[in-house]
Amino acid sequence: MEPLRNILRHKTAAVKFYEADATKIDHEKKVVYISDDSDIKGDISQTEVPYDMLVVAVGAMSATFGIPGVREHSCFLKEVGDAQAIRKKIMDCVETATFKDQSQEEVERLLHMVVVGGGPTGVEFAGELQDFFEEDLKKWIPEIADKFHVTLVEALPNVLPMFSKALIDYTEKVFKDEKITVRTKTMVKNVTDKTIEAEITHPDGTKSLEVMPYGLLVWATGNAIRPVVKDLMSRIPAQKNSRRGLAVNEYLVVDGTENIWALGDCSATKYAPTAQVASQEGAFLARLFNSMAKTQSLEDDIHRLSELKSTASGPEEHEKLDAQLQAREKQLNRLKQMGPFEYTHQGSLAYIGSDRAVADISWLNGNFATGGGLTYLFWRSAYLSMCFSTRNRVLVVMDWLKAKIFGRDVSRE
Ligand code: NAD
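Just so it is clear, the model here is predicted, and its values are computed rather than measured.

1. Thoughts on the packing of aromatic side chains
Tallied over the entire structure, the rule returns ten aromatic pairs. Relative to phenylalanine 148, the ring of phenylalanine 133 has its centre 4.4 Å away and its plane inclined at 5°; by these criteria the two rings are stacked. One end of the pair, phenylalanine 133, is in helix H5 (residues 120-140); the other, phenylalanine 148, is in the loop between H5 and strand E7 (149-153), and 15 residues separate them in sequence. Note on accessibility: phenylalanine 133 and phenylalanine 148 belong to one class, buried. A ring pair is formed by phenylalanine 284 and phenylalanine 341, whose centres lie 5.6 Å apart and whose planes are at 65°; its orientation type is edge-to-face.

2. So, the site of the ligand
Lining the immediate surroundings of the ligand are 23 residues, of which Thr121, Glu154, Ala155, Val188 and Leu349 lie closest. Look at the ligand: alone it shows 850 Å² of surface, and the protein chains cover 78% of it. For the shell around the ligand, the secondary structure elements donating two or more residues are H5, strand E9 (186-191) and strand E17 (347-353). Broken down by class, the residue content of the shell around the ligand amounts to 13 nonpolar, eight polar and two charged.

3. Some details on helix H6 (residues 165-177)
A rise of 1.5 Å per residue sets the reference length of H6, with its 13 residues, at 18 Å; its end C-alpha atoms lie 18 Å apart and thus fit the reference within 8%. What H6 keeps buried is the set Leu167, Ile168, Thr171, Val174 and Phe175. The buried side chains of H6 occupy one side of the element, clustering within an arc of 130° when seen end-on. Seen from the open side of H6, the exposed residues pointing more than 90 degrees away from its buried face are Lys165, Ala166 and Lys176. Of the residues flanking the end of H6, it is lysine 179, one or two places downstream, whose phi is positive at about 70°.

4. Brief notes about the pairing of strand E11 (residues 207-213)
As defined by bridge partners, strand E10 (residues 195-201) adjoins E11 across seven bridges and the pair is classed as antiparallel. Within the sheet, the bridge partner assigned to isoleucine 200 lies in E11 and is serine 208. From the end of E10 to the start of E11, which pair antiparallel, there are five residues, and glycine 205 there has a positive phi angle of about 90°.

5. Some words on the sheet that holds strand E1 (residues 21-26)
Judged by pairing direction, the sheet is antiparallel, and its three strands sit side by side in the order E1-E2-E3 without closing on themselves. Of all strands in the sheet, those with a lone pairing partner are E1 and strand E3 (46-50), marking the two edges. Strand-to-strand twist of the sheet, defined as the mean angle between neighbouring strand axes without regard to direction, takes the value 25°.

6. Notes on the pattern of salt bridges
Scanning the model with the defined rule gives 20 salt bridges in all. With a shortest N-O distance of 3.3 Å, aspartate 301 and arginine 304 are connected by a salt bridge. Linking aspartate 301 with arginine 304, this pair stays in helix H8 (residues 275-310), spanning three residues, or about one helical turn. Overall, the relative accessible area of 41% leaves arginine 304 in the partly exposed class. For aspartate 322, the salt bridge identified is with lysine 309, shortest N-O distance 2.9 Å.

7. Focus on helix H7 (residues 227-234)
Listed in full, the buried residues belonging to H7 are Val228, Val229, Leu232 and Met233. Viewed end-on, H7 has its buried residues packed into an arc of 135°, placing them on one side of the element. Exposed residues lying more than 90 degrees from the buried face of H7 are Pro227, Lys230 and Ser234. Contact partners of the buried residues in H7: E1, strand E4 (54-56) and strand E14 (246-247).

8. What to know about the nonpolar core
The tendency in soluble globular proteins is for nonpolar side chains to be buried as a group. Formed by 37 residues in total, the largest nonpolar core has its most connected members in Ile90, Leu129, Leu137, Phe148, Val150 and Leu216. Contacts of valine 150, omitting those with residues within four sequence positions, involve Met113, Val115, Ala126, Leu129, Gln130, Lys179, Ile180 and Thr181.

9. As for a nonpolar patch on the surface
A grouping of Val397, Leu401, Ile405 and Phe406 is seen on the molecular surface, where their side chains present a nonpolar patch of about 430 Å² in accessible area. Assignment of secondary structure puts valine 397 in helix H11 (residues 390-406). Judged by relative accessible area, valine 397 falls into the partly exposed class, the value being 30%.

10. A word on the sheet that holds E9
Strands sit in the order E9-E10-E11 across an open sheet of three strands; the sheet is antiparallel. Of all strands in the sheet, those bounded by a partner on one side alone are E9 and E11. In this sheet, adjacent strand axes meet at a mean angle of 30° when their direction is disregarded. Taken together, the five bridges between E9 and E10 define a ladder with antiparallel strand orientation. The residue bridging threonine 186 from the neighbouring strand is isoleucine 200, located in E10.

11. With respect to the packing of helix H10 (residues 373-386) against H11
Taken N-terminus to C-terminus, the directions of H10 and H11 make an angle of 145°; their axes are 9 Å apart at the nearest point. The interaxial crossing formed by H10 with H11 has right-handed handedness. Across the interface between the two elements, Arg380, Tyr383, Leu384 and Ser385 from H10 touch Arg393, Val396, Val397 and Trp400 from H11. The residue makeup of the contact of H10 with H11, split by class, is five nonpolar, one polar and two charged.

Rules behind the numbers
Residues numbered from 1 in each chain as written. Predicted model: local features only at pLDDT ≥ 70, side-chain atom pairs only at ≥ 80, totals over all residues. Heavy atoms only, no water. Phe/Tyr/Trp six-rings, centres within 6.5 Å; stacked < 30°, edge-to-face > 60°. Helix = DSSP H or I, 4+ residues; strand = E, 2+ residues; numbered from the N terminus. Buried < 20%, exposed > 50% of the residue type's maximum accessible area, 1.4 Å probe, protein only. Near = heavy atom within 4 Å. Areas by Shrake-Rupley, 256 points an atom, 1.4 Å probe, with all protein chains shown as cover. Nonpolar A, V, L, I, M, F, W, Y, C, P; charged D, E, K, R; others polar. Expected span 1.5 Å × (residues − 1). Arc of directions from axis to C-beta. Pairing = 2+ DSSP bridges. Axes fitted to C-alpha atoms, helices over the stretch in contact; angles between N-to-C directions. Salt bridge = Lys/Arg side-chain N within 4 Å of Asp/Glu carboxyl O. Contact = heavy atoms within 4.5 Å. Core = buried A, V, L, I, M, F, W, Y, C linked by side-chain atoms within 4.5 Å. Patch = residues over 30% accessible without salt bridge, like charges linked within 9 Å, V, L, I, M, F, W, Y side chains within 5 Å. Left-handed = near helix turned anticlockwise from the far one by under 90°.

What follows is the structure, encoded as structure tokens:
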């Protein structure tokens, strides 16, 4: 994570930052209601921020599809707090499994780590979790070596549907070697504190229900719209038919509004809800706003020069002002020609465990699919290059080295 404060201190423009939850957007009154949700509250913890122009980039939350028990019993993978909760739960499961006189059946349940959702989030997490077991846990607690077990559950016929067939097969083979069980065509229907109930579709098309006991359940079945966005959408008639998030036009203006833009996972475009899309949308909006600001100042300039020209004292001054005016008008026309947002896909990349990764890379108008150890090095360097600052880059490298040399940090609060 990159602290916003650290980014803002390098900006020359005046930026005010409030750490708060935006609870409601009133697009008619042009006001955002904010609330301080931290543990420390001052005299004021709820207020409003008026705006002229608004950019909504609140992302999405984990989807549960209303499946009973999911919210109460699973861990998600969105925020840093989710990762900390997972770490705590893994170690609690392991220590409880080794508690004196625990029954074999209970040991097996506690050490069964289930990941639901075979998209990139679920696949990367399952791979990382197995790595943690192989590289660290197994050495510290050898008695759990034959009991610790990761299962990846996916409703569709295969994992990573956005990757090419060869990479899907490669991933499933690597998972098999890593001893991760992949259960495809398995749709979770109900969750209790200790079991998952899933509907399995067999090769002959018949269906049956299976109950799987688990210790840790990580739920990674994709995105759902956040309440603040849902509420805004419900009050804009033009958003009536949008299902995935705020429908926007090709300039990322929210349909049915004039001065609200949306980007990233909270918006619904023809692109996948990925970081790559969001980051290009962010850069596009920065260019758009810069050009709007320049347009404004050029228009003011043109207005001033036209007035001067009309009162010019001689032909020489008239000519000079005219040349300046023409130059400004040319610049203005160029600015106004800024095209709509266009996404350029660089490729898809996912880590699959045991120092291997898969990549579908768009390169020189072609597609190039690769998997294995070299792809893993490419994955690592891609992650480093995507870090926002040198500070973050150095911290990430240090974290990787620290984990490699001393093992992963397993401290729980
Ligand atoms: P996803 O939507 O890509 O995958 C979720 C999977 O869960 C789907 O395959 C779906 O069939 C399955 N599922 C849904 N309900 C289920 C149920 N009840 N039982 C069993 N399976 C069920 O979600 P994600 O992996 O969280 O990814 C979200 C977005 O973020 C995607 O656009 C993804 O590409 C992106 N992402 C990319 C990377 C990367 O590039 N390495 C990493 C993480 C996320």
